[in-house]
Amino acid sequence: MKRSSWFFISIITAGLLYILLLNVGLYRNPDHRQEHHVMVVLKATVQPMDFWDVVKTGMEEAAREHTLQLSFIGPPHEQMVDLQVELMLEGIEQEPDLIILAAGDVDLLVDPIARAHEKGIAVIIIDSGTASSLPISFVATDNIEAGIRAGTYMGQVLEQRIPDRPGRIMIMSHSRGITTAIERESGVRRALEKHEIIGTWYCDIDHQVAYDLTREVLSMYHIDGIIGLNEVSTLGVADAVSDLGLGGVIPIVGFDHAAQEMAYLESGVLEATVVQRPYNMGYISVTQAARHLQGKPVKPVVNTGSKLITRENMFEPKYQELLFPFEKLNGL
Amino acid sequence: MIRRFFSFFSTLESRTYYIFTLLILMTILSTQLISYNYTQRSLIDVTNTQKGYTMERLAYQIDTYMTTMEQIAHTVIDSDEIQQYFTRSGQNDSVDGDAVSQYLASFLRAREDITTIALFGFDGTRITSSSDQQVSPFSHVEQQQWYQNAVHNPGRTIISSAHVQNLFFGIYPWVVSMSMTFHDQITDEPLGVLLVDLNFNRIRELSQPVMQDPPEYIFILDSHGDYVFHPQQQLVYSGITTEPTESLMEMTDRSDPLEVSGKSYITRQAQSADWRIVCVTELYGSMGQWRYIQAAYATIGLIAFIVVGLVANLLSRSITHPIKELCAVMKSVDRHNFNITAEIDSTVEIQQLADEFNIMVRKIRGLIDQIHHEQELKRKSELKALQAQINPHFLYNTLDSIIWMSEMDRNREVVLMTSALARLFRISISKGREIITVREELLHVESYLTIQKMRYRDHFSYSIEVDESLHAYPCLKIILQPLVENAIYHGLKTVEYKGLIKISGFIQDDRIILQVIDNGVGMDPLLLERLISDSSARKQLRSSSGVGLHNVHERLRLYFGEPYGLTCSCTPGERTVISVIMPATPPMEEDL
């Protein structure tokens, strides 16, 4: 052995030692040195939607834990799908490390997702799905299951009130194009096969439309129960029924947990509401994003679950925070 | 592979190097790991201690807060307005409900963190701080936890967990409810239940984590281990996040931090509300200081290792290099070079080794020289013995001739021969010297020739033709006589004609060349050559004369060295020339 090669061996061994020491440390401390940028493309940002506020809170909590940088973009209202497509394409140009998308339409966002994929940006879908197969993970409520919960409860209510005949049920949906609406409706229909569903009306996420349609339908048909498929539809229906003085007479089962819905639930206008876990949805989607960015495997589908809330369990401690989220503290 | 490894490991240098390096590597690694862990531990301890103080302050703040609220509650129930309103409300309308309401609302104005103050009389009287709002028909006050706890523990202050208050329809604030029964100050008869709702955000604000790095959060448990508040309430209730609440309930303020799945838990008790405040820290979160410490440790380790590698290398070399040098010196001894000494600048041990080696080599060299010297002496004495051998033989014959001539009364010849013999011997002895002059040598050979010529009755004649200038040069004694003897016995003794011996001499290229030429039968040149150079050849000849030639040759070699000696050229039947080649050293002083 020559002297020089001995020196060489020392250096190499020292290098290995260095790497070893660093790795021992790294193994215990996952690396978060550079803050990854995660872009969240929401369905709606301006319209006061309690649901999305809570999703954001969950996301921010997870981002704080994993030291990720979050930015939120999206159209002001949920109907503006074209604007969402445009904003997403603009967002891709900023080259974030990952995009979390709540799709406003099944088909229209397939192209932007493909564009992101070309750029090497992974996409995680939350809440409502698309026809694209490219996203690495889908974090959402199992909406068919949620629909079944709503339908089943409506069935139980109807069997108590009118045990001798099948009930006549109206469905107020929020959109023709959003998967949540489609899946919930199919779940509701599956659970209410014994009853007569006289039809589905679409309010296009407009409270006023839902209100007007409900009054119109109630004046035309004899209705035993109404199911609203999201927050806006449910509130539109409940307002109409309440204004007509039929609160508690025509049972309503809705979705989501706006403060007004809670009041209706307490006062008996609303029989029950199926709530998702928006906090968990936001938290889990960002956790999945962080895992992906650390090179760990992510689950392709995560069901964040749903709960049927009635007057009886609405103030139980374990549901309180779900139904009445903490307000945002100043300075946070 | 294994053999290669072992051969790689077989030198002292590599062994020292690797063992040193390995040992020091292990030392460095273990010290690094130990001190790294120690640093980590002590940092965590420091953090925990700091956290403990923060937590104590938080518990103290909550206690103070609750005590203040309790004082407010007591102020309310002991006030004249309330006492009058509830003791006389049944019979007397003199106390205005609105005024009492205003009185309660004044506390809300003073303290923003009080959401509601309400009093529920057992007689069904209700009064709240908001005069414009009716208590919700759906609120079922009597079934609420805070109400029942107050009724079952009269006189005690009950503090609820954080919950959603549904006292007023459509308004669902998060509050902590403080409730207690209130009594008639005079009769001590229980009158109803007081409710003070505290804005929960106040407590959440207090519970905000102080530090962002390492990430931490604070949650609060009630005396049953249920959550008063958790920043991730939904994750906790849906089982995504779990906290070791049972173990936490067993902890006291003095307990060591509980460490579960990479998180460190510290608890402090808030006595007033019987709450347990828990601070959770991620033990090995993305902490900048850890990264820094790691990098520092790794760098120190790297530098230490490089230095150690170099030092180990130098050390192993400093041990083995002198040994290698010594080896090289020893190898040259192997090649019969004894004229060396090992000059090695090294440690005492190696120096001693080198010194001993030097002594050994010196001794060997001395011994070898001694052997050389002894060998030379031995050879010289051998040659002298041989030289001496000739003489008695010749003397015997000569003396025989003298006796014979005396008997014949040839006195003149007897005188001639005897004087020649005397001269011969005088020169032969020459006071024991080996070197004489050419002149003396010629005199010696001439005496010999004179004797022989008389003995052989002029069977041959001779002539000496050596230049005068040569006479002063030194010459090895008795070198010509054996050649002449050889010429007579092998060349002339047997010929019928009259033989001739000629001695000539000259200088050629710093050499003195003396030639003995005869015209006898001559000898086989090869045999002659062998007679000169090979001492064993004389045995074949079975004669002492061969000894003479070889003896001369050997002596010349011995005295003057390699290129000198005898040469011969011979034409059989015509003549034989034997030449003596000697160095022409300057003439020396004649002291004879």
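Residues numbered from 1 in each chain as written. Chains lettered and ligands numbered in written order. Predicted model: local features only at pLDDT ≥ 70, side-chain atom pairs only at ≥ 80, totals over all residues.

Novice: Help me understand the overall build of chain B, please; the structure alone is not making it clear to me.
Specialist: Along the backbone of chain B there are 16 helices and 17 strands. Here chain B holds 592 residues, and 31% of them are scored as buried. For chain B, restricting intrachain contacts to residue pairs at least 6 apart in sequence, the fraction spanning at least 24 positions comes to 63%. (Helix = DSSP H or I, 4+ residues; strand = E, 2+ residues; numbered from the N terminus. Buried ≥ 20, exposed ≤ 12 C-beta atoms within 10 Å, placed from the backbone. Contact = placed C-beta atoms within 7 Å.)

Novice: Before we go on, may I ask you to explain the overall build of chain A in this structure?
Specialist: If you tally the helices and strands in chain A, you get eleven helices and twelve strands. A buried classification covers 50% of the 332 residues belonging to chain A.

Novice: Quick question: what am I supposed to make of unusual backbone geometry here?
Specialist: With the exception of glycine, the majority of residues adopt a negative phi angle, and the majority of peptide bonds are in the trans configuration. One non-glycine residue, Asp127 of chain A, adopts positive backbone phi at about 65°. Positionally, Asp127 of chain A belongs in the loop between strand S4 (122-126) and strand S5 (137-140). For Asp127 of chain A, a count of 28 C-beta atoms within 10 Å translates into the label buried. Backbone geometry places Asp510 of chain B, a non-glycine residue, at a positive phi of 60°. Tracing the sequence through the fold places Asp510 of chain B in the loop between strand S14 (499-508) and strand S15 (511-518).

Novice: Sorry if this is basic, but what is going on with the pairing of strand S4 (residues 174-183) of chain B here?
Specialist: On a regular strand, one side chain projects to one face of the sheet and the next to the other, so that they alternate. Residue and element names in this part refer to chain B. S4 sits mainly inside the fold: nine of its ten residues count as buried. The pairing of strand S3 (residues 158-164) with S4 spans five bridges and is antiparallel. From the neighbouring strand, His163 faces S4, where its bridge partner is Val175. Of the pairings in the sheet, the one linking S4 to strand S5 (residues 190-199) comprises nine bridges and is antiparallel in character. Note on S5: the bridge partner recorded for Val175 is Asn199. (Pairing = 2+ DSSP bridges.)

Novice: Please explain the pairing of S14 of chain B as it appears in this structure.
Specialist: As paired elements, strand S12 (residues 460-466) of chain B and S14 of chain B share seven bridges and run parallel to each other. Considered in S14 of chain B, the bridge of Phe460 of chain B is made with Gly499 of chain B.

Novice: Help me understand helix H5 (residues 145-152) of chain B, please; the structure alone is not making it clear to me.
Specialist: Since there are 3.6 residues in each turn of an α-helix, residues three or four apart along the chain are aligned in direction. Residues and elements named next belong to chain B. Of all the residues in H5, the buried ones are Trp146, Tyr147 and Ala150. Buried residues along H5 cover an arc of 100° about the axis, so they all sit on one side. Summarising the contacts, the buried residues of H5 are in contact with strand S1 (114-121), S3, S4 and S5. (Arc of directions from axis to C-beta.)

Novice: Please explain the confidence of the model for chain B as it appears in this structure.
Specialist: Detail in the predicted coordinates should be disregarded across regions flagged by low pLDDT. When the pLDDT values of chain B are averaged, the result is 81; 90% of them are 70 or greater. Complex prediction metrics read pTM 0.61 and ipTM 0.78. (pLDDT = per-residue confidence, 0-100.)

Novice: Before we go on, may I ask you to explain the packing of helix H3 (residues 81-93) of chain A against helix H4 (residues 110-118) of chain A in this structure?
Specialist: Between two packed helices, what matters for the description is the angle formed by their axes and the separation of those axes. All names here are of chain A. As a packed pair, H3 and H4 sit with axes 9 Å apart at the nearest point and diverge in direction by 5°. One way to sum up the angle between H3 and H4 is to call them roughly parallel. For the pair formed by H3 and H4, the contact residues are Val85, Met88, Leu89 and Ile92 on the first element and Pro112, Arg115 and Ala116 on the second. Class assignment of the residues belonging to the contact of H3 with H4 gives a composition of six nonpolar, no polar and one charged. (Axes fitted to C-alpha atoms, helices over the stretch in contact; angles between N-to-C directions. Parallel < 35°, antiparallel > 145°, perpendicular 65-115°, else oblique. Nonpolar A, V, L, I, M, F, W, Y, C, P; charged D, E, K, R; others polar.)

Novice: Looking at this model, I keep getting lost on the confidence of the model for chain A. Mind explaining?
Specialist: Across chain A, pLDDT averages 85, with 89% of residues at or above 70. Throughout residues 27-33 of chain A the model reports pLDDT below 50, and contacts reaching past four residues in sequence, or to other chains, amount to ten contacts.

Novice: So what exactly am I meant to see when it comes to the nonpolar core here?
Specialist: Generally speaking, a soluble globular protein has its nonpolar side chains buried in company with each other. Ranked by internal contacts, the top residues of the largest apolar core, which has 105 residues, are Ala150, Met172, Ile227 and Ile252 of chain A together with Val196 and Ile277 of chain B. With seven residues, the single largest contributor to this core is helix H2 (residues 12-78) of chain B. Aside from chain neighbours lying at most four places away, what touches Ile277 of chain B is Met55, Leu58, Ala59, Ile218, Ile220, Thr267, Arg268 and Ala270 of chain B. Formed by 44 residues, the second largest nonpolar core is a distinct cluster that contains Val38, Ala116, Ala122 and Ile124 of chain A. (Core = buried A, V, L, I, M, F, W, Y, C linked by C-beta atoms within 7 Å.)

Novice: I'm lost on the sheet that holds strand S8 (residues 258-260) of chain B in this one. Help?
Specialist: One key point about sheets: their strands pair by backbone hydrogen bonds, in either a parallel or an antiparallel sense. All names here are of chain B. Strand order in the open sheet formed by five strands is S7-S6-S10-S9-S8, with antiparallel pairing between adjacent strands. Looking at strand neighbours, the two that pair on one side only are strand S7 (227-229) and S8, the edges of this open sheet. Neighbouring strand axes in the sheet, compared pairwise and without regard to direction, differ in orientation by 35° on average. Pairing analysis gives eight bridges linking strand S9 (residues 263-270) to strand S10 (residues 275-282), with the strands arranged antiparallel. Bridge pairing links Gln269 to Arg276 in S10.

Novice: It is not clear to me how the packing of helix H8 (residues 231-243) of chain A against helix H9 (residues 259-267) of chain A should be interpreted in this structure. Could you clarify?
Specialist: Residue and element names in this part refer to chain A. As a packed pair, H8 and H9 sit with axes 10 Å apart at the nearest point and diverge in direction by 45°. Relative to H9, H8 is oriented oblique. Considering the relative orientation of H8 and H9, their crossing is left-handed. Only Gln260, Glu261 and Tyr264 of H9 make contact with H8, whose side of the interface consists of Glu231, Thr234, Leu235 and Ala238. A class-by-class count of the residues in the contact of H8 with H9 yields three nonpolar, two polar and two charged. (Left-handed = near helix turned anticlockwise from the far one by under 90°.)

Novice: Where do I start with the sheet that holds S4 of chain A in this structure?
Specialist: Residues and elements named next belong to chain A. As summarised here, the arrangement of the six strands in space is S2-S1-S3-S4-S5-S11, forming an open sheet in which the pairing is parallel. Strands at the two margins of the open sheet, each flanked by one partner only, are strand S2 (69-73) and strand S11 (301-303). Within the sheet, the average angular offset between the axes of one strand and its neighbour, ignoring direction, is 20°. Pairing analysis gives three bridges linking S5 to S11, with the strands arranged parallel. By the bridge assignment for S11, Val139 is matched with Val302.

Novice: Explain the environment of Ile227 of chain A to me, please; I cannot follow it from the model alone.
Specialist: Residues and elements named next belong to chain A. Positionally, Ile227 belongs in strand S8 (residues 225-228). Spatially, the C-alpha atom of Ile227 lies 5.6 Å from that of Gly254, the residues being 27 residues apart in sequence. Setting aside residues no more than four positions away along its own chain, Ile227 makes contact with Ala150, Met154, Ile169, Ile171, Val188 and Val253.

Novice: So what exactly am I meant to see when it comes to H9 of chain A here?
Specialist: Buried within H9 of chain A we find Glu261, Met262, Tyr264, Leu265 and Glu266 of chain A. Contacts made by the buried residues of H9 of chain A are with H8, strand S9 (252-255), strand S10 (270-276), strand S12 (306-310) and helix H11 (317-323) of chain A.

Novice: Would you mind going over the environment of Pro96 of chain A with me for this structure?
Specialist: Along the polypeptide, Pro96 of chain A turns up in the loop between H3 and strand S3 (98-101). Under the C-beta neighbour-count criterion, Pro96 of chain A is labelled buried, with 22 such atoms within 10 Å.

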